[in-house]
Amino acid sequence: MLNIPKVSVIIPIYNVEKYIRQCLESVISQTLKDIEILCIDDCSTDTSIKIVESFLKKDNRIKILQLNNNKLPGIARNIGIQNSIGTYISFIDPDDYVKPDFLEVAYTKLEELQLNSVWFNIKIFNDTKKSFTKDNYFLKSDNGPLIVTSKNINIFPINCWNKVYRLSTIKENNIIFSENILFEDLEFYYRFFTQSKEIYFINKHLYIYRLRPNSILSSKKNRNDIFKAIKNIYNYLNKKNIFEDYKESFIQLIIQSIERSPNIKDMVPYIVDLLKQINFPKDYTRTDKNNFYDFLNYIIYFNKLSKTMQTLNKYYFGLIFGISKFLPKKSYRKKCREKFKKYIF
């Protein structure tokens, strides 16, 4: 008879020999013992997998799945989902670690409430400074239920690793990570929480996220991948016939992604490509509730300008932004500066 573990733990592994030992120690030491641990080797070139193999010898809950070539975390996690048999599933990054009761607290609450997901607060460890940051990651202090709606879907952290999920919900709804790109969590987040909106937040810092300078996401390479992920979300929402419900939030998501880009000017061609794919602005009607449309139209306009005119536009909006700080009314001054700041890139 097949033993179904209570939780499947998915760990994608690529060149993390410095951290994987601490990660695995934290997982095999969980107070919830009935788990399986799937380590997906994304073709590491260091000693990461040798370290995992040393753990495998003393813990038969560990399984190693090897990919044929380096395919990034999205495919690794999708392979993990396909091979998981637990009632619930957790995704843990190999340079992070979890507190001993992370899985037990999640499992107990999921069983009690019969929900499809629970979320945790986290602690952020700065690997350079060797200290924890004081950031309130979740900006919420009390335990309790949350409903993810088309209005608030963008205000929560989209990371997959501070959450535990019901595996059957993922498999039945074909909820997957974006493949061959970074920012793969984004598509998974939208796929899951547009289908299963009720969650429970647990304000315990049981997941430790390691902030390190040489991580994949800290690199400025492939920052355009986020717009590829957004394009996948657009296709998904339309396939499910729910795009109209999420249209305003979708535009907000584009704007948030632009604002978080380290160099917007370099991202402009990728942003314009996305806007063409979603037929912006033709299929979109500006409303009083949404002030993002002018900026997206400006991105399209900016992309057509010569380099000289692009520079002149930058100085033009910089001048307006500078003058706005002398406006007499504080509320109007703040509104103007917020409006024009994003045009300076």
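Residues numbered from 1 in each chain as written. Predicted model: local features only at pLDDT ≥ 70, side-chain atom pairs only at ≥ 80, totals over all residues. Heavy atoms only, no water.

A. Highlighting the overall build of the chain. Broken down by element type, the chain carries 12 helices and 10 strands. In terms of principal-axis extent, the alpha carbons of the chain reach across some 70 × 40 × 40 Å. Burial analysis of the chain (345 residues in total) assigns 52% to the buried set. Within the structure as shown, the chain displays about 17500 Å² of accessible surface, and the carbon and sulfur contribution to it stands at 51%. Where the 54 positive side-chain charges of the chain centre and where its 36 negative ones centre are 8 Å apart. (Helix = DSSP H or I, 4+ residues; strand = E, 2+ residues; numbered from the N terminus. Buried < 20%, exposed > 50% of the residue type's maximum accessible area, 1.4 Å probe, protein only. Areas by Shrake-Rupley, 256 points an atom, 1.4 Å probe, with all protein chains shown as cover. Lys, Arg positive; Asp, Glu negative; His and termini not counted. Charge placed at Lys NZ, Arg CZ, Asp CG, Glu CD.)

B. Seen up close, the side chain of Ser178. Within the element layout of this structure, Ser178 appears in the loop between helix H5 (167–172) and helix H6 (184–193). For Ser178, the side chain forms a polar contact with the side chain of Glu187, separated by 2.4 Å. In terms of polar contacts, Ser178 uses its side chain to reach the side chain of Asn232, at 3.5 Å. (Polar contact = N/O pair within 3.5 Å; in protein donor to acceptor, adjacent residues only side chain to side chain.)

C. Main features of the packing of H6 against helix H7 (residues 225–239). It is the contact of H6 with H7, at a shortest axis distance of 8 Å, that shows an interaxial angle of 20 degrees. When the axis of H6 is compared with that of H7, the two are roughly parallel. Considering how the two elements wind past one another, H6 and H7 form a crossing that is right-handed. Taking contact as the criterion, the partners of Leu186, Glu187, Tyr190 and Arg191 in H6 are, on H7, Ile226, Ala229, Ile230, Asn232, Ile233, Tyr236 and Leu237. Class assignment of the residues belonging to the contact of H6 with H7 gives a composition of 8 nonpolar, 1 polar and 2 charged. (Axes fitted to C-alpha atoms, helices over the stretch in contact; angles between N-to-C directions. Parallel < 35°, antiparallel > 145°, perpendicular 65-115°, else oblique. Left-handed = near helix turned anticlockwise from the far one by under 90°. Contact = heavy atoms within 4.5 Å. Nonpolar A, V, L, I, M, F, W, Y, C, P; charged D, E, K, R; others polar.)

D. Examining the side chain of Lys163 more closely. Relative to the helices and strands, Lys163 resides in strand E9 (residues 163–166). Although Lys163 is buried, it makes no salt bridge; Asp185 carries the closest opposite charge, 7.2 Å away. A polar contact of 2.9 Å, which involves the side chain of Lys163, links it to the backbone oxygen of Pro157. A polar contact of 2.5 Å, which involves the side chain of Lys163, links it to the backbone oxygen of Asn159. Once residues lying within four places of it in the same chain are set aside, the contact partners of Lys163 are Ser90, Ser117, Val118, Trp119, Pro157, Ile158, Tyr189 and Phe193. (Salt bridge = Lys/Arg side-chain N within 4 Å of Asp/Glu carboxyl O.)

E. Structural context of the nonpolar core. Counting residues in each nonpolar core, the largest one holds 112 residues, and the members touching the most others are Ile11, Trp119, Phe250 and Ile254. Setting aside chain neighbours within four positions, we find Phe250 in contact with Ile230, Ile233, Tyr234, Leu237, Phe243, Ile278 and Tyr284. (Core = buried A, V, L, I, M, F, W, Y, C linked by side-chain atoms within 4.5 Å.)

F. Region of the structure containing the pattern of salt bridges. Within this structure, the stated rule accounts for 13 salt bridges. For Arg77, the salt bridge goes to Asp93, with nearest N and O atoms at 2.7 Å. Separated by 16 residues along the polypeptide, Arg77 in helix H3 (residues 72–83) and Asp93 in the loop between strand E4 (88–91) and strand E5 (97–98) bring together distant segments of the chain. Take Asp93: its relative accessible area is 14%, and that puts it in the buried class. Between Arg77 and Asp185 there is a salt bridge whose closest N-O contact spans 3.4 Å. On the criterion of sequence distance, the pair formed by Arg77 in helix H3 and Asp185 in helix H6 is long-range, its members being 108 residues apart. Residue classification places Arg77 among the buried positions, given a relative accessible area of 2%.

G. How the structure looks around the packing of aromatic side chains. Inspection of the entire model under this criterion finds 36 aromatic pairs. Centroid distance Trp119 to Phe193: 5.1 Å. Interplanar angle 85 degrees. Geometry classified as edge-to-face. Placement of Trp119 in strand E6 (residues 117–126) and of Phe193 in helix H6 is noted, with a sequence separation of 74 residues between them. On the basis of relative accessible area, Trp119 is assigned to the buried category, the value being 0%. Residues Phe177 and Phe188 carry aromatic rings whose centres are separated by 4.2 Å and whose planes lie at 10 degrees to one another, so their mutual orientation is stacked. Note that Phe177 is positioned in the loop between H5 and H6 and Phe188 in helix H6, a separation of 11 residues in sequence. The positively charged end of Lys123 is found above the aromatic ring belonging to Phe132, 5.4 Å away from the centroid. (Phe/Tyr/Trp six-rings, centres within 6.5 Å; stacked < 30°, edge-to-face > 60°. Lys NZ or Arg CZ within 6 Å of the ring centre and 35° of its normal.)

H. Structural context of the pairing of strand E1 (residues 7–13). Here E1 lies mainly inside the structure; 7 of its 7 residues are buried. Covered by surrounding structure in E1 are Val7, Val9, Ile11 and Ile13 together with Ser8, Ile10 and Pro12, the residues of both alternating faces. The parallel pair E1 and strand E2 (residues 35–41) is bridged by helix H1 (residues 20–28), and the resulting crossover is right-handed. Pairing analysis gives 4 bridges linking E1 to E4, with the strands arranged parallel. Of the residues in E4, the one forming a bridge with Ser8 is Ile89. (Right-handed = clockwise from strand over helix to strand, strands pointing away. Pairing = 2+ DSSP bridges.)

I. Spatial organisation of a nonpolar patch on the surface. Residues Leu2, Ile4 and Ile85 make up a contiguous nonpolar surface patch of roughly 280 Å² in combined accessible area. Mapped onto the secondary structure, Ile85 falls in the loop between H3 and E4. (Patch = residues over 30% accessible without salt bridge, like charges linked within 9 Å, V, L, I, M, F, W, Y side chains within 5 Å.)

J. Layout of helix H2 (residues 48–56). Along H2, the residues classified as buried are Ser48, Ile49, Ile51, Val52 and Phe55. Seen along its axis, H2 keeps its buried residues to an arc of 155 degrees; they face one direction. The inward-facing, buried residues of H2 contact E1, H1, E2 and strand E3 (62–66). (Arc of directions from axis to C-beta.)

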